Structure formats: C-alpha cells, structure tokens
Amino acid sequence: MKPNPVCVVGACLALLSLSLRAQLPAPITPAWTEVAPGVWKTTVGSPESFTLLSAAGAPAPAVQSLAALPKAAFPLDPKEIEARRWDWKTALRFPLALDEEIYGLGVDFKSMRRTGAIYQLHVDHWSGTPGRTHAPVPLYLSTKGYAVFFNTARYLNITVGHGVRLAAREKPPVIDRTTGKGWSSAPRSDSIEALANAEGMEILVFAGPTPLDALRRYNLYCGGGALPPKWGLGFLTRTPTKYSAEQALNEIAAFRKNGIPLDMLGLEPGWHDQAYPCSFEWDKTRFADPAKFLGEVEKQHVRVNLWFNPYIAPKTPLYEKLLPFAGTHLVWNGIVPDYSMPAAQKIFSDHLARTVLDAGPRAIGGFKIDEVDGSDRYLWPDSANFPSGRDGEQLRQTYGLLLQRTIYDLFHAQNRRTLGQVRGTNGGASRFPFVIYNDNYAFDEYITAVGNTGFAGVLWSPEVRGGKGEDMLRRTQAVCFSPLALFNGWSTPDKLWTHAEVKDAIRDAIVLRLRLLPYFYNAFAQYHYQGTPVIRPMQLVPGFNAALKSESGKLDATANPYAIGKITEVKDQYMFGDALLIAPIPPDVKSRTVILPAGKWYDFFTGKLAGENETIEVTPPSNQTPLFVKDGSLVPMIGERQWAPEAGEIIPLEIRHYGTQSGQLALYDDDGETFNYEHGEFSWTQLRATKDAAGAWHGTVTPGADGRTWHYSDVKWTFMTPTPSSP
Ligand code: GAL
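### Thoughts on the overall build of the protein chain
Along the backbone of the protein chain there are 13 helices and 35 strands. Taken over the C-alpha trace, the protein chain has a radius of gyration of 27 Å; the compact-globule value for 727 residues is 27 Å, and the two agree within 12%. Counting only C-alpha atoms and orienting by the principal axes, one finds that the protein chain spans roughly 105 × 75 × 55 Å. A buried classification covers 58% of the 727 residues belonging to the protein chain. In the protein chain, of all internal contacts separated by at least 6 residues, the share reaching a separation of at least 24 is 73%. Carbon and sulfur atoms make up 55% of the accessible area of the protein chain, which totals about 28200 Å². Put simply, the protein chain has 72 plus and 74 minus side-chain charges, and the middle of one group is 2 Å from the middle of the other.

Dropping the structure here:
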C-alpha cells in the first residue's frame, strides 16, 4: 500500500514538534522543606552563597514567636510550582488564581496592587519604572494568605498575572479585537513568574492563614522587626549643609524656644571636611571641638545623626586602609569599598567608633546612609567587580543592607540602640532600625510609600523640606504619623516656625507625636516580637472592603485598544498599630473621604462615633489630621513634653479608651535605649477597660512579670466616648 502523503507530513510535523520541544529546558517541581514553623524553603540549581539574607546577616529566625502563630500547612499546591534552568538563568513559576490579588514587591510609589504588572526589582532612586525603587524587596503577599520570598542578590524580573502560558489549563478567551467585546492587550495569566540571571536560587514560602500572618512570619524569619530607641520616635530636624557647631546649637535652642519637641539633630555633608566623596573626619572650620559640641547637644537631650555617602575620599586615613577592598570603579572619585567582606566592614566600623562616636558616645544616635540607591549614573556600572569576587549587580542590590548591618552591629556592640536613615535597602532588612527617604516630593506618592512599606518589612518617612505655610503644615502632620517624624532642612532657609499662620498647628502635630509615644513604641514592640508591621496598609486590615474599581470600560478598537484600564485603589490612608487609622490631608486640600472598615470607628480627638463600614467625608480643622480609633481600643499617651522619656525616667501615663466595647492592651516597656531587652529586661503590662453593671467604665492595670521595666508612676484613665447617660 502506498503511504498517504498527508499522514506522512502529519507524522513528520509531530516528530519535529516533539524534537523541538525537547530543546525546552525541563521543568523541575521543587521540593519544599519546613525550616521554621510555617516557613518552607527550596533551592533550585546552584544558588550563590551571597544572598539578600546573608548580606543582611539575618540572625536565627525568631522560632518561638513563629511557633506562637497558628499552625499552618504548606499554603500552595507544590505541583503548581515550577522551576526552569538554562544557561545562566533561573526561572520560577507560581500559581495565581483569578480571584487572587498580589501585594508587596517592595516600596512602590504609584500603587499597592501588583496583579497584572511587570516589575524589575532593582535598587534604584525612584524614577517611575515599576520595581526600580529604594527597596525592591522580592517578597510578595497574596490575599489567599501566604507570601513568597526570592532570596537572591541578583536583579529579579517578576510578572504578575501577565504572559499566558501555552500550557495553562484555563486560558483567557480568544476575542476578535475588531468585533468582540472585552478584548485585552494583556490577557490575565494564571502565573507569577520570576527570572534572574543566576545559576540557582533559594526561595522561601511563608504560610498564613491570613496575609498579615504571612508577613509576620517573614519579619520574624528575618529576626523580628526593628525596635528603635524611644528617642527615635520623637522629632528629627536636619540642618542646612554648611551649618557650624554654633548654628546647630542655635537650631536646638530655637526649637526649645518655640516649644517644638526635638530629639534628633541631623548634620548634613558639612560635618565632613570633604564630602562627595566623604572623608569621615570632622571639619575643623565648622566643628572646631566636636567633643565640646556633642557635650552641649547631650545637655539638650538631643541625639546627633550624621549624614554620609559611603564613597571614600583620597587623602584620608580611611582611604589607605580601605583601598585593598576597593571595587574597580569610583563614585564621585571616591573608592567603593567591598562591604560584603567582613574585614572591610570592620575597618569602616572601627573608624566610625574611634573618630566619630568616641567624640560623644551618648550624643551620637545614628547615621543617614545616603546615595546607596543611585540613579544608574550615580553608582558603579553592573560590570564593576569587587575583591570578594562579587560583581556590580550583587553589590548594588545589597550595599544599603551591608551598611545598615555594619552600623547596627557597631551600636549593638556598644549596647546602645540607634535609629538611622537609609536611601537604599532590600529584603532581609526588617530588623534594621533605618527609615527610607528620597529626593522626590510628591505628597500622594510619599503616602503610598508609607503604606507599601507594611508589605515589605521596611519603613518609610515622607520627609518635610520647607515650603509655604499650608504645605509645610500638612506635610508635618503626615510625617508625624509615619515611622520617622522628620524635617529635612538641608537645602532650605525655612524653619518650622517660619510661617506665623501655621506655626502653632505645626507645634500641635509634633507635640501629639510625642504624646503618643507609648502607643507608637508599642506598635514597634509588636513589630519586633510578633513581626506585625507598624504600618498596616488598608488591604491588611480585617473588615476593610478593598473593592477595586476598574475603569476600563471605555476601551474599544477604534479608540486605543492598548490603553491599560485605570485601577482605583485605596492608598491614601493606613493604620499605624492596632488602633489608629490615619487619613493624611494633602496640602491645599480642605476635605477628603475616608473609608472606615467594618466595626465602629471613633474620632480620636472627640471620642465620638465617626462611622462603620462606610465612606465618610471629613473637613478637619487645620491643626488636626483625621485620626480614627477602632471600637474598644486603648491608646496609651504621655503628657506634653519636649523630648522623649529617657532610660530610668518615671512619668505618668494616660490611657484613653474609645467606643462601646471593653478594651484590652498588652503594653510593652523596657529602658528604651539599650539592648538589655535581649536579656529579658522588658515587660508587657495588661491594661483592661470594662463597664460594670451600672454602666460605669473602669480601668485595671496588671503588671507584667518584670516590674523593673515599667516606667510609669500612675495611670489615669480617660473614657473618650460619651455614654448615652453622660451629658
Ligand atoms: C541627598 C539627600 C538629601 C541630602 C543631600 C545632601 O542625596 O537625599 O536628603 O542629604 O543629599 O547633599
């Protein structure tokens, strides 16, 4: 019988297709091992030993705290996770359900939601490219209650619900663009895909059951969140670049005279005798006697924070010592030490200890690590090499982490806590008491960034930099409800008291910041001991209706079929701690809407019911930020003061109760300045507010096991919400 030519061609094509497909890298189904309660790890290929977590020097995971979270099984179907390796590349595919939303992937300035977008996770000064930010943390969080972390020091490209696979089980429908409805230029895929130029990768999965629990596990796995000193929760002002010792002291005096609380004074480049690149030596024309200056500052109950960029100027003692560790390229003609090498970290840290800290150990509270993010042209190229054998890409992804670790370890060795600023960081940074900032100034982007930090194990401050009265006021109010309350006056003649019309309201905002210090400190203690982020984006708040509105209806083939539907999402309000919902008022805005989650919410200032599970419109007086308190919450506060309580100081405490439900709070305390808490010197005091049969409210205080660390002399209870019988 003659062969049928059609069958022969068909068989040949099938064979060709098989042999072509055999060229595709074989997919691997990774095996997962539980490495801590609710945390699973896998390795694909041959991962490099230098990772984000190794750079951050992550200590042993806080296993006890992890074990206290609800027991959880591996949160994904392992068969749905696929890895591929080829050449010098590692790719991962994780499943994404149609009704699943993804958050995280670092500090983004535009949106909270990640689904449907593509990110290049790359340390960078924010310029608008998704993923290229000051904190491109490769951690994502699912509304299904789990998180995934890619522990690589390589750039990572991630597509979220984008790029439909041929092998996908359920593909989006094929629609004729000319005649059909609902055609999309980016059909939603069922995958989250990650790609790095690496021979392998370590990946971690964190179980929930809630998304917040998954985040807690990530933060605890990284050693627990940062616990700043109490003074770090006060107010920081940064002086103009060229300020001298005398001018800096006058600045402190002006704060005191104006009754504006101050805890930290930041010196900008002018404290170095050379900057850009930096000398790390005091400039003797401006600071003739650093020890005397620091002594004076200390008498004012203020800590100094010193700016630097880490590029070392020639003709300085530090240069010679660090030259053997220098990378192949210079930044502003200074060497770039390879701080991935412990020996280089030690030289730098010893120099800071001897030259800088020794001049006033109690007065120096921390550093501002600038310019570790770069906008490509400010840093070394990716082709740079470093003596450790690492390259420009690896050092770019980790430089901020390495410096935070060096400085944190330096202060830790002296048993003094620090709080600093940093402009570039990455995954594994939860435990570092450093707050990110940048040179942009868009108010809405800054507030979005504050919220996004909650998903990323980092902290962000929307700094104030002067400006007109109303602008300065609204920004100051916003900054007072962020992790670091900061006026960055490095390049402005403006002061917080410049504009008479807003001066008092600015002072009110900063005074309130200080009054709420026990509340904020407690939120940080929860971050440290339980991994709960201090800032909770609304998407993490139980009872919040995060309904997304897609405004893509206008798209059709005759207009622009490739336009991307606009997504409205909530990114202009957030919670700080368990009780307070913050709704910052942008400059030049009188009213705004606030979405209140389920349950009753009360006005912080009046105690009156504000609403429940609804959108309200607020028009606050100019000296207030809209603040709402969850029903049954207890808010601990102290009296008005000009600086944070110092170790050993005993002061009165006010506990405010809001709402109609009984309230309960475990209030943390320790000395607020040292690491003695690591040796058990801390306490959690139980506070309770209950109503008796006659309808009268009562508060009780049950001391924790270690009464030594409770720094309050007496407790005054204020029941803020008027009961029906009260006038
Ligand atoms: C910038 C930094 C500013 C300020 C300035 C001093 O890089 O973002 O906050 O410190 O340097 O030169």
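### Side note on the sheet that holds strand E32 (residues 663-669)
Pairing is antiparallel in the open sheet, where three strands are placed in the order E32-E33-E34. Here the strands that pair on one side only, and so sit at the sheet edges, are E32 and strand E34 (697-702). Averaged over neighbouring strand pairs, the angle between their axes works out to 20° when direction is ignored. Here E32 runs beside strand E33 (residues 683-691); their pairing, made up of seven bridges, is antiparallel.

### Focus: the domain arrangement of the protein chain
Put simply, an interface is often sized by how much accessible area is lost when its parts join up. Along its sequence, the protein chain is carved into domain 1 (26-221), domain 2 (230-537), domain 3 (539-628) and domain 4 (634-719). Here the C-alpha centroids of domain 1 and domain 3 sit 27 Å apart.

### Some points on the sheet that holds strand E4 (residues 89-95)
The mixed open sheet is built from six strands, whose spatial order is E3-E4-E11-E10-E6-E7. Bordering the open sheet on either side are strand E3 (82-86) and strand E7 (132-133), each of which pairs with just one other strand. Sheet topology places strand E10 (residues 156-162) next to strand E11 (residues 188-196); five bridges connect them, and they run antiparallel. Among the inter-strand pairings, Val-160 is bridged to a residue of E11, identified as Ile-192.

### So, the site of the ligand
Every residue close to the ligand is listed here: Glu-268, Pro-269, Tyr-276, Trp-307, Lys-368, Asp-370, Glu-371, Arg-423, Tyr-437, Asp-439, Asn-488 and Trp-490. Interatomic distance of 3.3 Å between a side-chain N/O atom of Trp-307 and an oxygen atom of the ligand. Here an oxygen atom of the ligand sits 2.6 Å away from a polar atom, N or O, in the side chain of Asp-370. Relative to its unbound accessible area of 310 Å², the ligand is 95% covered by the protein chains. Class assignment of the residues belonging to the shell around the ligand gives a composition of five nonpolar, one polar and six charged.

### Description of the pairing of strand E18 (residues 364-369)
Buried residues dominate E18, accounting for six of its six residues. Pairing between strand E15 (residues 303-308) and E18: five bridges, direction parallel. Within the sheet, the bridge partner assigned to Phe-308 lies in E18 and is Ile-369. Alignment of E18 against strand E19 (residues 420-422), held across two bridges, turns out to be parallel. Bridging across to E19, Ile-369 finds its partner in Val-422. Remark: the E18/helix H9 (residues 392-413)/E19 crossover connection has right-handed handedness.

### Side note on the side chain of Ser-142
Among the secondary structure elements, Ser-142 is positioned in strand E8 (residues 139-142). For Ser-142, the side chain forms a polar contact with the side chain of Glu-100, separated by 2.6 Å. When sequence neighbours within four positions are dropped, the list of residues in contact with Ser-142 reads Glu-100, Glu-101, Ile-102 and Pro-211.

### Considering the pattern of salt bridges
According to the stated counting rule, one finds 44 salt bridges in the structure shown. The closest approach of N and O atoms between Lys-110 and Glu-445, which form a salt bridge, is 2.7 Å. Placement of Lys-110 in the loop between strand E5 (102-104) and strand E6 (118-123) and of Glu-445 in helix H10 (residues 443-453) is noted, with a sequence separation of 335 residues between them. Lys-110 gets classed as partly exposed once you look at its relative accessible area, which sits at 45%. Through salt bridges that share partners, Glu-80, Arg-93, Arg-165, Arg-169 and Asp-190 make up one connected network.

### Focus: the packing of aromatic side chains
Tallied over the entire structure, the rule returns 52 aromatic pairs. Pairing Trp-32 with Phe-74 gives two aromatic rings, centres 5.3 Å apart and planes at 40°, and the pair type is tilted. Of this pair, Trp-32 sits in the loop between helix H1 (5-21) and strand E1 (33-36) while Phe-74 sits in the loop between helix H3 (63-68) and E3; the two residues are 42 residues apart in sequence, bridging distant segments of the chain. What makes Trp-32 buried here is its relative accessible area of 15%. Measuring from centroid to centroid gives 5.1 Å for Tyr-529 and Tyr-668, while their planes differ by 45°, and the two rings are tilted. In this pair, Tyr-529 sits in helix H13 (residues 517-530) while Tyr-668 sits in strand E32, placing the two residues 139 residues apart along the sequence. In terms of burial, Tyr-529 and Tyr-668 fall into one category: buried. Here the guanidinium or amino end of Lys-368 rests over the ring plane of Tyr-437, the centre of that ring lying 4.9 Å away.

### Re the environment of Phe-455
With respect to the helices and strands, Phe-455 occurs in the loop between H10 and helix H11 (469-480). Overall, Phe-455 belongs to the buried group, its relative accessible area being 1%. Between the alpha carbons of Phe-455 and Asn-258 there is a distance of 38 Å; along the sequence they are 197 residues apart. Discounting residues that sit within four places of it in the chain, Phe-455 has contacts with Tyr-103, Gly-104, Met-112, Leu-139, Leu-141, Leu-215, Pro-537, Gln-539 and Leu-540.

### What about the nonpolar core?
Counting 173 residues, the largest nonpolar core has Phe-206, Leu-267, Phe-293, Trp-380, Leu-496, Leu-516 and Phe-604 as the members making the most contacts within it. In this view, Phe-206 contacts Gly-38, Val-39, Pro-75, Leu-139, Tyr-146, Ala-147, Phe-149, Ala-214, Arg-217, Tyr-218 and Tyr-221; residues no more than four positions away in its chain are not counted. One finds Leu-105, Tyr-119, Ile-203 and Ala-207 within the second-largest nonpolar core, a separate group that totals 28 residues.

### A short note on H10
Each full turn of the α-helix corresponds to 3.6 residues, which orients residues three or four apart in the same direction. Within H10, ten of the eleven residues are buried, which leaves it mostly tucked inside the rest of the structure. Where H10 is concerned, the buried positions are Phe-443, Glu-445, Tyr-446, Ile-447, Thr-448, Ala-449, Val-450, Gly-451, Asn-452 and Thr-453. Elements in contact with the buried residues of H10: H11, strand E22 (535-537) and strand E25 (574-576).

### A look at the packing of helix H12 (residues 500-515) against H13
At a minimum axis separation of 5 Å, H12 and H13 run at an interaxial angle of 55°. Looking at the two axes, H12 sits oblique to H13. Contacts between H12 and H13 involve Arg-513, Leu-514 and Arg-515 on the former and, on the latter, Leu-517, Pro-518 and Phe-520.

### As for the side chain of Asp-671
With respect to the element layout, Asp-671 can be found in the loop between E32 and E33. At a separation of 2.8 Å, a polar atom in the side chain of Asp-671 contacts the main-chain amide nitrogen of Glu-673. Side-chain polar atoms of Asp-671 contact the side chain of Thr-674, separated by 2.5 Å. Asp-671 has contacts with Arg-417, Ala-647, Asn-676 and His-711, leaving out every residue within four places of it along the chain.

### Examining the environment of Thr-498
Its location among the elements puts Thr-498 in the loop between strand E21 (485-488) and H12. Each C-alpha atom of the pair Thr-498 and Lys-468 lies 9.1 Å from the other, and the pair is 30 residues apart in sequence. Polar side-chain contacts of Thr-498 include one of 2.6 Å to the backbone nitrogen of Lys-495.

About the criteria used
Residues numbered from 1 in each chain as written. Predicted model: local features only at pLDDT ≥ 70, side-chain atom pairs only at ≥ 80, totals over all residues. Heavy atoms only, no water. Helix = DSSP H or I, 4+ residues; strand = E, 2+ residues; numbered from the N terminus. Rg over C-alpha atoms; globule rule 2.2 N^0.38 Å. Buried < 20%, exposed > 50% of the residue type's maximum accessible area, 1.4 Å probe, protein only. Contact = heavy atoms within 4.5 Å. Areas by Shrake-Rupley, 256 points an atom, 1.4 Å probe, with all protein chains shown as cover. Lys, Arg positive; Asp, Glu negative; His and termini not counted. Charge placed at Lys NZ, Arg CZ, Asp CG, Glu CD. Pairing = 2+ DSSP bridges. Axes fitted to C-alpha atoms, helices over the stretch in contact; angles between N-to-C directions. Domains from an automatic or database assignment. Near = heavy atom within 4 Å. Polar contact = N/O pair within 3.5 Å; in protein donor to acceptor, adjacent residues only side chain to side chain. Nonpolar A, V, L, I, M, F, W, Y, C, P; charged D, E, K, R; others polar. Right-handed = clockwise from strand over helix to strand, strands pointing away. Salt bridge = Lys/Arg side-chain N within 4 Å of Asp/Glu carboxyl O. Phe/Tyr/Trp six-rings, centres within 6.5 Å; stacked < 30°, edge-to-face > 60°. Lys NZ or Arg CZ within 6 Å of the ring centre and 35° of its normal. Core = buried A, V, L, I, M, F, W, Y, C linked by side-chain atoms within 4.5 Å. Parallel < 35°, antiparallel > 145°, perpendicular 65-115°, else oblique.

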